[in-house]
Amino acid sequence: MASSDSAEGEAVSGAQLIAESLKAQNIEYMFGVVGIPVTEIAVAAQAVGIKYVGMRNEQAACYAASAIGYLTGRPLIVIGGSSDRNQETMGAFQEFPQVEAGRLYSKLSVRPSSLEVIPAVIEKAVRSSICGRPGSCYIDIPGDFVNLQVNKSSVKYAECCLPPPISTAECSAVSKAASILTRSKQPLLIIGKGAAYSHAENSIRKLVELCGLPFLPTPMAKGVVPDNHPNCVAAARSTALQHADVIVLFGARLNWILHFGLPPRFRQDVKVIQIDICAEELGNNVRPAAVLLGDINAVTKQLLEEFSKRPWKYPSDSEWWKKLKEKIIYNEERSKALALQESLPMNYYTVFHHIRELIPKDCILVSEGANTMDIGRTMLPNYYPRQRLDAGTFGTMGVGLGFAIAAAMVAKDRTPEKRVICVEGDSAFGFSGMEVETICRYNLPILIIVVNNNGIYTGLDADSWKEIVKLGDPATCVPPVSLLPNSHYEEVMSAFGGKGYFVKTPEELQNALKASLTDKQRPALINVMIDPLSERKKQEFPWLTRSNL
């Protein structure tokens, strides 16, 4: 490899090559925590116009990058610095088999063999990330590569990869699926995150309305068809899942979120029509009656075309619709009764009622926590696609602030009037609370609402806490789910220049919401104290059902 003073041509460093290659692949954002040996990569990225957001925790940086991938369709590429090549096996600083470890979790895990191939490797990583079912890719950069230089003439530059091909299902499979659906007595559409990612909202809404079908969104698919659409049966979720005889999955997986598609949450004889871009997903847990392999939007259009040839509409006066609507009314009335309770401390439903009344309909909602996230899914509607971000498939806590930062960056560039509302449980907030400093440093107009019950699932009030700690060492006396009562999380926001509110009553909550939504120039955190024993309304099934195999 030549040095920078070589007469053969202009020299370029490894850091520059990485930055230029990412820019060539239309990468707009980078999130990370810089340190030896990757600081120069972040500086080089800024120099070519990539927006670098310095996070406080690498985990939160990955969450932010994954949210960017979901919101923009561009990939999650993880770039990690590793030890210098000439120090391998010597016990180098943070030496670890990163490429091998990355293979367990990534679609591609690779270390470039030389500086010259970095553009080609990055192009392949981006291509691998966005084709088929999207996923992360890992690129390992030896520390000595960052400042090493080569002649530009020797570099194998790569153009931006082509967009993923749009694949469609076999025509016979489409016809079979339509036949099964038209014979159903109690049909149900389940709209998954894959439908949101493929921008299938217009096609799916047309299908819902053309065929008069009830639909149920999974958490991150809320808004693909608006939650207030008359065919949405989210408020009767358990009934819809348990009694449907034909279910069409639009990019939704039969994993734990959908109780694996098994009894008692589903009928033993349910017929599943599965639409997915990933062939390996077809047939997981339940043998499907029909499989449609392809892009969700393209396949939905095929179904629309099929039903234009043989018009069919599910009757709106069926016993199935009657049953669903009765359950919807019953559940909504129960939630409304809880929301209108005037006793203090407030419960979850009261808090979400006031939040729903005041936040903009087109805001991006980020949520995480146990009851906070679960109740929020039912109480906070979404009207537009790709505007709800939550813990999703892996149920991982700590995603909230990273997701909110990513959403705010995208909104700032594309829809600057859009607000990002991040609703956190107090336990979930603790996983990445220092990202409040990141939010303030970049002056992102994010509103964080911490629903504070002094614990994980449930907590203790201040008086109960005092009595318990009198018994001895808190490590042996305090319940494992309890957190310090009345913690002032809003002061974390105030410490970094944002605005904090500590509220205990509906009136204080309303005033804080109005003030923080009016002030669009700085971040805010509303710390909402609720009853430590507040929980969800009684459920028909435990949240994680032990399925009958």
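Residues numbered from 1 in each chain as written. Predicted model: local features only at pLDDT ≥ 70, side-chain atom pairs only at ≥ 80, totals over all residues. Heavy atoms only, no water.

Colleague: Mind laying out the overall build of the chain, listing which residues take part and the relevant values?
Modeller: Of regular secondary structure, the chain possesses 20 helices and 20 strands. In terms of C-alpha radius of gyration, the chain reaches 26 Å, essentially the compact-globule figure of 24 Å for 549 residues. For the chain, the proportion of contacts with a sequence separation of at least 24, taken over those separated by at least 6, is 76%. Taken as a whole, the chain presents about 24,600 Å² of accessible surface, with 53% of it coming from carbon and sulfur. The centroid of the 57 positive side-chain charges in the chain is displaced by 8 Å from the centroid of its 57 negative side-chain charges. (Helix = DSSP H or I, 4+ residues; strand = E, 2+ residues; numbered from the N terminus. Rg over C-alpha atoms; globule rule 2.2 N^0.38 Å. Contact = heavy atoms within 4.5 Å. Areas by Shrake-Rupley, 256 points an atom, 1.4 Å probe, with all protein chains shown as cover. Lys, Arg positive; Asp, Glu negative; His and termini not counted. Charge placed at Lys NZ, Arg CZ, Asp CG, Glu CD.)

Colleague: Could you give an account of the sheet that holds strand S4 (residues 77-82), with specific residues and numbers?
Modeller: By definition, the strands of a sheet pair up through backbone hydrogen bonds, in either a parallel or an antiparallel sense. As summarised here, the arrangement of the three strands in space is S4-S6-S5, forming an open sheet in which the pairing is parallel. With partners counted over all chains shown, the strands left at the sheet margins are S4 and strand S5 (108-110), one partner each. Averaged over all pairs of adjacent strands, the angle between their axes in this sheet comes to 15 degrees, without regard to strand direction. Two strands pair when backbone bridges link them, and S5 and strand S6 (residues 137-142) are joined in this way by three bridges, in the parallel orientation. Considered in S6, the bridge of Ser 109 is made with Tyr 138. (Pairing = 2+ DSSP bridges. Axes fitted to C-alpha atoms, helices over the stretch in contact; angles between N-to-C directions.)

Colleague: Give me the lowdown on the sheet that holds strand S9 (residues 215-217), citing residues and values where you can.
Modeller: Reading across the sheet, the five strands line up as S9-S8-S10-S11-S12 and stay open at both edges, with parallel pairing between neighbours. Strands with a single pairing partner mark the edges of an open sheet, and in this sheet they are S9 and strand S12 (290-293). The sheet shows a mean angle of 15 degrees between the axes of neighbouring strands, taken without regard to direction. The pairing of strand S8 (residues 187-191) with S9 spans three bridges and is classified as parallel. Opposite Ile 190, over in S9, you have Leu 216 as the bridge partner. Against the sheet, helix H6 (residues 171-182) touches S8, strand S10 (246-250), strand S11 (271-276) and S12, its axis set at about 135 degrees to S12. Sitting on the sheet, helix H10 (residues 296-309) is in contact with S10, S11 and S12, with an inclination near 130 degrees to S11.

Colleague: Before we move on, can you summarise the pairing of strand S15 (residues 420-425) with the specific residues and values?
Modeller: Counting buried residues along S15, six of its six residues qualify, which places the element largely inside the surrounding structure. Of the two faces of S15, the one carrying Val 420, Cys 422 and Glu 424 and the one carrying Ile 421, Val 423 and Gly 425 are both buried. As judged from the five bridges shared by strand S13 (residues 364-368) and S15, these two strands associate in the parallel manner. Looking at the pairing, Ser 367 lines up with Val 423 of S15. (Buried < 20%, exposed > 50% of the residue type's maximum accessible area, 1.4 Å probe, protein only.)

Colleague: Tell me about the packing of helix H8 (residues 201-211) against H10, residues and numbers included.
Modeller: The geometry of H8 relative to H10 is characterised by a closest axis approach of 9 Å and an angle of 30 degrees between their N-to-C directions. As summarised for this structure, H8 and H10 are arranged roughly parallel, according to the angle between their axes. Of the two elements, H8 crosses H10, and the hand of that crossing is left-handed. On H10, the residues touching Ser 203, Ile 204, Lys 206, Leu 207, Leu 210 and Cys 211 of H8 are Ile 296, Asn 297, Thr 300, Lys 301, Leu 303, Leu 304 and Phe 307. The residue inventory of the contact of H8 with H10, partitioned by class, reads eight nonpolar, three polar and two charged. (Parallel < 35°, antiparallel > 145°, perpendicular 65-115°, else oblique. Left-handed = near helix turned anticlockwise from the far one by under 90°. Nonpolar A, V, L, I, M, F, W, Y, C, P; charged D, E, K, R; others polar.)

Colleague: Before we move on, could you go through the packing of helix H3 (residues 58-72) against helix H14 (residues 400-414) and cite the residues and values that matter?
Modeller: In the contact formed by H3 and H14, the axes pass within 7 Å of each other and the chain directions differ by 45 degrees. Between H3 and H14, the angle is such that the two are oblique. Remark: the crossing between H3 and H14 carries right-handed chirality. Mapping the contact onto sequence places Ala 60, Tyr 63, Ala 64, Ser 66, Ala 67, Ile 68, Leu 71 and Thr 72 in H3 and Gly 402, Phe 403, Ala 406, Ala 407, Val 410 and Arg 414 in H14. Residue composition of the contact of H3 with H14, by class: ten nonpolar, three polar and one charged.

Colleague: Give me the pattern of salt bridges: which residues, what numbers.
Modeller: Scanning all chains against the criterion turns up 22 salt bridges. Put simply, Glu 10 and Lys 152 hold a salt bridge, and the shortest N to O gap is 3.8 Å. Within this pair, whereas Glu 10 is found in the segment before strand S1 (11-13), its partner Lys 152 is found in the loop between strand S7 (149-151) and H6, the two being separated by 142 residues in sequence. Given a relative accessible area of 55%, Glu 10 falls into the exposed group. Given the relative accessible area of 29%, Lys 152 is considered partly exposed. Between Glu 201 and Arg 386 there is a salt bridge; the shortest N-O distance is 2.8 Å. Here Arg 386 lies in the loop between helix H13 (371-379) and strand S14 (388-390) and Glu 201 lies in helix H8, a separation of 185 residues in the sequence. Of the two residues examined, Glu 201 and Arg 386, each falls in the buried class. What you see here is one network of salt bridges that share partners, running through Asp 374, Arg 377, Arg 388 and Asp 390. (Salt bridge = Lys/Arg side-chain N within 4 Å of Asp/Glu carboxyl O.)

Colleague: Please provide a residue-by-residue account of H14, values included.
Modeller: With 15 residues, H14 extends 21 Å between its outermost C-alpha atoms, agreeing within 8% with the 21 Å of an ideal straight helix rising 1.5 Å per residue. Judged by how many residues are buried, H14 sits mostly within the fold: twelve of 15 residues are covered. Those residues of H14 lying buried are Gly 400, Leu 401, Gly 402, Phe 403, Ala 404, Ile 405, Ala 406, Ala 407, Ala 408, Met 409, Val 410 and Ala 411. (Expected span 1.5 Å × (residues − 1).)

Colleague: I'd love a proper account of the packing of aromatic side chains, names of residues and values included.
Modeller: As enumerated under the stated definition, the model contains four aromatic pairs in all. The rings of Phe 307, Trp 312 and Tyr 314 are connected pair by pair, giving a single aromatic cluster. Cation over ring: Lys 325 sits above Trp 321, and NZ or CZ is 5.2 Å from the ring centre. When the ring centre of Tyr 501 is taken as reference, the NZ or CZ atom of Lys 499 above it lies at 5.6 Å. (Phe/Tyr/Trp six-rings, centres within 6.5 Å; stacked < 30°, edge-to-face > 60°. Lys NZ or Arg CZ within 6 Å of the ring centre and 35° of its normal.)

Colleague: Explain the nonpolar core residue by residue, including any values.
Modeller: Within the largest apolar cluster, 101 residues are counted, with the highest numbers of intra-cluster contacts made by Phe 31, Ile 204, Phe 250, Leu 292, Leu 389, Ile 446 and Ile 448. With sequence-adjacent residues up to four places away left out, Phe 250 is seen in contact with Leu 189, Ile 190, Ile 191, Gly 192, Ala 195, Ile 204, Leu 207, Ile 275, Ile 296, Thr 300 and Leu 303. One finds Ala 19, Ala 45, Val 126 and Cys 137 within the second-largest nonpolar core, a separate group that totals 33 residues. (Core = buried A, V, L, I, M, F, W, Y, C linked by side-chain atoms within 4.5 Å.)

Colleague: Just give me the short version of helix H12 (residues 348-358), but keep the residues and values in it.
Modeller: Of all eleven residues that make up H12, eight are buried, and the element is covered over most of its length. Residues of H12 that are buried: Tyr 348, Tyr 349, Thr 350, Val 351, Phe 352, His 353, His 354 and Ile 355. Check the buried side of H12 and you find it contacts helix H11 (319-339), H13, S15, strand S16 (446-452), helix H20 (506-518) and strand S20 (524-529). A distance of 2.8 Å separates the backbone nitrogen of Tyr 349 from a side-chain oxygen at the start of H12, and that oxygen is part of Asn 347. (Polar contact = N/O pair within 3.5 Å; in protein donor to acceptor, adjacent residues only side chain to side chain.)

Colleague: Quick one: what's the story with the state of the cysteines, residue by residue and with numbers?
Modeller: In total, this model carries zero disulfides according to the counting rule given. No disulfide involves Cys 232; its sulfur sits 17 Å from the nearest other cysteine sulfur, which is in Cys 363. Owing to a relative accessible area of 10%, Cys 232 belongs among the buried residues under this scheme. (Disulfide = S-S within 2.5 Å.)

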